[in-house]
Amino acid sequence: GVRACSRAGPGADAMAAAAALSASAPAGAGSASFEMGPKPVLLNNPAGWSNVSRFTALALAKLANLERKVERSSASALGRALRRVEHRHLREAFTTLHRHSSLDTFMHARGQAEDMLQKLHCLVHSFDVEVDNLVENIVQSTLEEDDTASTYGRAAA
């Protein structure tokens, strides 16, 4: 029948495995010579169960290593994706900052130009008023001279 491993300790398992190997060796064969090639795993002796448990432990260790590797690679992939998103946000922020700084510079220059135009408009308006007064005085004095000349011309005639 199928026996479970004894709980006598690791030395008992090794002795049971050696006994099982010597019992399964063909008659007349030396203890140092073993048959090469695939053999079925026999579960009716401690060596078979030992092989199965060793294979299971190795398979689980490999599976755990693969899980850690996948976890690390997915974490690093997530880190790279987050870094790319961060760089994109940084580029967009700098672009927005540049656009706003250009817009601010434009608005400042536009404000200065409007101030200068307002001053120029005031200057032209005051010049127009002064010129209008000057032209009005010249026309008035010319008309007065014509009136006085015509009154003197009539008096002389």
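Conventions and cut-offs
- Residues numbered from 1 in each chain as written.
- Predicted model: local features only at pLDDT ≥ 70, side-chain atom pairs only at ≥ 80, totals over all residues.
- Heavy atoms only, no water.
- Helix = DSSP H or I, 4+ residues; strand = E, 2+ residues; numbered from the N terminus.
- Buried < 20%, exposed > 50% of the residue type's maximum accessible area, 1.4 Å probe, protein only.
- Areas by Shrake-Rupley, 256 points an atom, 1.4 Å probe, with all protein chains shown as cover.
- Patch = residues over 30% accessible without salt bridge, like charges linked within 9 Å, V, L, I, M, F, W, Y side chains within 5 Å.
- Salt bridge = Lys/Arg side-chain N within 4 Å of Asp/Glu carboxyl O.
- Lys, Arg positive; Asp, Glu negative; His and termini not counted.
- Charge placed at Lys NZ, Arg CZ, Asp CG, Glu CD.
- pLDDT = per-residue confidence, 0-100.
- Contact = heavy atoms within 4.5 Å.

Quick notes on the overall build of the protein
And then number 1: Scanning the protein from N- to C-terminus turns up two helices and zero strands.
And then number 2: Counting only residues that meet the buried cut, the protein has 4% of its 157 residues in that class.
And then number 3: Element-wise, carbon and sulfur atoms account for 64% of the exposed surface of the protein, whose accessible area totals about 13700 Å².

Description of a nonpolar patch on the surface
And then number 1: Taken together, the side chains of Leu-117, Leu-120, Leu-123 and Val-124 make up a nonpolar region of the molecular surface, amounting to roughly 390 Å² of accessible area.
And then number 2: For Leu-117, the position within the fold is in helix H2 (residues 46–156).
And then number 3: The exposed category is assigned to Leu-117, whose relative accessible area is 56%.

What to know about a negative patch on the surface
And then number 1: Residues Glu-144, Glu-145, Asp-146 and Asp-147 make up a contiguous surface patch of negative charge.
And then number 2: By the secondary structure assignment, Glu-145 is in helix H2.

Some remarks on the confidence of the model for the protein
And then number 1: Put simply, the protein has an average pLDDT of 77, and 70% of its residues get 70 or more.
And then number 2: Across residues 1–12 the pLDDT falls below 50, and counting only partners more than four positions away or on other chains, this stretch makes 11 contacts in the model.

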